[in-house]
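Chain by chain, the residues run as shown.
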Amino acid sequence: LCAFEPPGTVANAVAKKESIEQPPPRTHYLGRKIAITMHYTGAPWLVRESREREEDCNALLKALKLKPGQTVCDLGCGNGFYALRIAPLVAPGGKVLGVDIQPEMLRLLRERAKVANIDNIVPVLGTLSDPKLPTGKVDLMLCIDAYHEFSHPVYMLRAIRKSLAPGGRLVLAEFREEDPKVPIKPLHKMSKKQVLKELVPNGFRLVEQYDGLPWQHLMFF
């Protein structure tokens with residue numbers, strides 16, 4: 001299995017529009033090569049029939065301990081595979097901020113939410129360096145198999161910290177680099193050691209881990 005990677009990169013295309021505001025995208029960060037952002041034409045891979053079995057999505061959601069009334073951000077939401085599952089879990093009174101840098105992904109999210117009759121998802125068009133979130137309002141920031149694609153990790157981590165509510169958490173799910181049996185391209189995997197190497201210097205503290213998923217780490221900061 002692999003993340004869908006057509007010719008060219010989303011990061012480079014978006015960066016051209018943002019070049020006046022920020023440095024060019026990084027290719028490496030703290031010894032890690034940054035992966036290509038998954039293109040919206042690969043969105044069907046996100047909702048493949050085998051995903052539930054391969055990733056035990058129900059176990060992941062249970063580990064988040066979501067509560068009604070919470071504001072949850074699905075950062076790098078794609079076409080809403082997780083956003084649509086989270087939305088009912090934070091109702092009534094809660095909402096999901098679905099952030100992506102590709103308008104096409106957000107269009108797919110809106111279409112799927114409409115079909116599912118879910119009205120507490122707010123699509124947000126972010127940029128490579130800014131998820132465009134309200135300050136101090138996000139109770140849980142969920143980043144599933146997306147952080148390793150951030151072309152401006154320092155900018156994004158700074159913005160994430162700013163958006164978290166008091167006691168808010170950032171939760172990263174990444175395919176385990178330590179396990180060669182996980183059938184994902186190496187560039188789309190991260191080790192726990194590398195995750196800590198990047199997040200701790202940017203002001204995050206590991207407070208919890210869940211190791212019960214078939215292919216992924218789940219790390220709470």
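Residues numbered from 1 in each chain as written. Predicted model: local features only at pLDDT ≥ 70, side-chain atom pairs only at ≥ 80, totals over all residues. Heavy atoms only, no water.

Draft legend 1. How the structure looks around the nonpolar core. L60, L64, Y82, I86, I121 and L218 are the most contacted members of the largest nonpolar core, which has 30 residues in total. Listed by contribution, the elements that provide at least two residues to this core are α3 (57-64), α4 (83-89), α5 (103-115), β6 (138-144), β7 (164-176) and β10 (216-220). If one sorts the elements of this core by residue count, α3 sits on top with six residues. Ignoring any residue separated from it by four or fewer positions in sequence, one finds I121 in contact with A83, L84, A87, V96, L109 and A113. (Core = buried A, V, L, I, M, F, W, Y, C linked by side-chain atoms within 4.5 Å. Buried < 20%, exposed > 50% of the residue type's maximum accessible area, 1.4 Å probe, protein only. Helix = DSSP H or I, 4+ residues; strand = E, 2+ residues; numbered from the N terminus. Contact = heavy atoms within 4.5 Å.)

Draft legend 2. Representation of the environment of R107. Here R107 lies in helix α5. For R107, a relative accessible area of 40% translates into the label partly exposed. In the structure, R107 is positioned 37 residues away from Q70 in sequence and 24 Å away in space, judged by C-alpha atoms.

Draft legend 3. Focus on unusual backbone geometry. That bond from A91 to P92 is cis: its omega, 0 degrees, falls within 30 degrees of zero. Structurally, P92 can be placed in the loop between α4 and β4 (95-100). Within the chain, D56 stands out as a residue other than glycine whose phi angle is a positive 50 degrees. Topologically, D56 is positioned in the loop between α2 (51-55) and α3. Under the relative-accessibility criterion, D56 is labelled partly exposed at 31%.

By themselves, these observations are geometric and do not establish any function.
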